[in-house]
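Summary of structural features
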Amino acid sequence: MDLSQAREYAHTAMPQVIDDLRTLVGHSSIAFPGFPDAPMKAIADDLLGMFRRAGVDDVRLLDLGEGAYPSIFAEIPGPEGSPVVTLYAHYDVQPAPEGQGWTTDPWTLTEKEDGRLYGRGAADDKSGVVAHLATLAAFEGRPPVTVRLVIEGEEETGSHIEAYVEEHPEDFRSDVFVVADSGNQRVGAPALTTGLRGDVSITVRLRTIESALHSGLFGGAAPDALVAMIQLLGSMYDETGATVIEGLDSYEWPDGDLDEADFRASAGVLDGVELSGSGHLASRLWSRPAATVIGIDAPPVAGASNIVIPEATARISVRIVPGSDPQAQLAAIETHLKAHAPRGVQLEIGDHKVFGAWKAAEGGPATKLAEQAMTEAFGAPCESHGSGGSIPLVQVLLDTSPGSEAILWGAEDEEKARIHGPDESVDPKEIEDLVVAQILLLSRLGEQRR
Ligand SMILES: [Zn+2]
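Once that is clear, we can look at the environment of Val145. Tracing the backbone shows Val145 in the loop between helix H3 (126-138) and strand E6 (146-152). Separated by 60 residues in the primary sequence, Val145 and Val85 place their C-alpha atoms 6.8 Å from one another. Setting aside anything within four residues of it in sequence, one finds Val145 in contact with Ile76, Gly78, Pro79, Ser82, Pro83, Val85, Leu442, Leu445 and Gly446.

Moving on: the sheet that holds strand E11 (residues 290-297). Reading across the sheet, the 4 strands line up as E11-E13-E9-E14 and stay open at both edges, with antiparallel pairing between neighbours. At either end of the open sheet lies a strand with only one pairing partner, and these are E11 and strand E14 (346-355). Between one strand axis and the next, the sheet turns through 20 degrees on average, direction left out of account. Pairing of strand E9 (residues 198-207) with E14 involves 8 bridges; the strand directions are antiparallel. Among the inter-strand pairings, Val200 is bridged to a residue of E14, identified as Val354. Docked against the sheet, helix H9 (residues 326-340) engages E9, strand E13 (311-320) and E14, running at close to 160 degrees with respect to E14.

Those donors, His90 (NE2), Asp124 (OD), Asp181 (OD) and Asp181 (OD), are the protein atoms that reach the zinc ion, and they lie 2.0 to 2.5 Å from it. Taken together, the 4 donor atoms coordinating the zinc ion and their angles of 53 to 143 degrees define a geometry best described as irregular.

We now examine helix H6 (residues 225-234). The set of residues buried in H6 consists of Ala225, Leu226, Ala228, Met229, Leu232 and Leu233. Each buried residue of H6 lies within a common arc of 155 degrees when the element is viewed along its axis, so the set occupies one face. Summarising the contacts, the buried residues of H6 are in contact with E9, E11, E13, H9 and E14. Capping the start of H6, Asp224 holds a side-chain oxygen 2.8 Å from the backbone nitrogen of Leu226, two or three residues further along.

Residues Asp124 and Asp125 are joined by a peptide bond in cis, for which omega reads 0 degrees. Structurally, Asp125 is set in the loop between strand E5 (117-118) and H3. Backbone geometry at Glu140 places phi at a positive 45 degrees, although glycine is not the residue there. Residue Arg343 is not a glycine yet carries a positive backbone phi of 50 degrees. With respect to the element layout, Arg343 can be found in the loop between H9 and E14. On the basis of relative accessibility, which here comes to 60%, the residue Arg343 falls in the exposed class.

The rules we used
Residues numbered from 1 in each chain as written. Predicted model: local features only at pLDDT ≥ 70, side-chain atom pairs only at ≥ 80, totals over all residues. Heavy atoms only, no water. Helix = DSSP H or I, 4+ residues; strand = E, 2+ residues; numbered from the N terminus. Contact = heavy atoms within 4.5 Å. Pairing = 2+ DSSP bridges. Axes fitted to C-alpha atoms, helices over the stretch in contact; angles between N-to-C directions. Donors = N, O, S within 2.8 Å, 3.2 Å for Na, K, Ca; no water. Tetrahedral: all angles 85-135°; square planar, octahedral: opposite > 155°, others 65-115°. Buried < 20%, exposed > 50% of the residue type's maximum accessible area, 1.4 Å probe, protein only. Arc of directions from axis to C-beta. Polar contact = N/O pair within 3.5 Å; in protein donor to acceptor, adjacent residues only side chain to side chain.

Quick look at the structure:
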């Protein structure tokens, strides 16, 4: 299909696309523990029906093991010798608790005056699901490449798919992985996500004395574990709040910067409060490490008494940069903590969890075709941007297929979509143009390598 055919098709398909999105948003498909599984089963059934209608006859549920919600899976053979392209999105969503501040029912797709469609998952990532549906329907079951379809049901929570992919790499081997779970920086301004930070989290415990002591009798000389923890945690930052752990990788983001006022607004930074770090904002968010203290065990304020504290525990999460080696980053963090633990306190580090970062194959042939497809579909030059979030599956998928490329894009614009927050929404034109880009990409991948 060429650009004008793809455009015409996508435009005509939009009423169906929105209908499907309405059906999907109507299911509160939350995969978190403690939520009912009926909506998860119901949405999976609907998805099977929708993909069959799109010409994907062999679509089925893929059992990922005990306690897992299945992925929707299909393999659609393309012409002999054509490349293999995996289309990925996810059908589970974040919860939308009462009190989060929704102004419409999160489980009813609602169009507002601004033309956007509101509902939990309308963007993240049911927009990606309907984009894949419409893309496959465009080819009526006969795509120009071999397609593997993977619609996951556990992206927002403890996922089973990574382990499954590692055990069954042959089922996922592909030349290109198209992950529609991202978005443009601004509506109408096409962009590829070319870097994802990874994450290393660890728990640190400090011990100083055998048990709590009277602070009047012992304070001043008896070493307090919580004070030591505050000093240790403080050693991870400079006076601007930038993370300064020695040995962590860091680089300057090569493309344009973000607008500071826009960022302050989208982050809800309070009046008079300065941003952390300094310099290029895109680098601070996408290509420099960022440590966060995500939990501290210490005596709660209610019932606090005058004691010297014997033990304190903190959970630290460090976002690591695209292209870095996660094990080396973990080692650097541990070395830093050991070196900065004050006054010989007893330090224990444990319970580490590591999600690798990911960096796009710069200049890779599929990445180039994807940029071109975005430029044509949106009628504006395609930019590249990073994302602070981690999608651990991306690297796991790439590891199945040496030399493969991942394309990250989507209809979750960073400007207004408010994914995970109240009043999540999607701009239907972003979905339409994404469908055009996906059709062009598959068509050209099919031509190029035949
Ligand atoms: Zn998502």
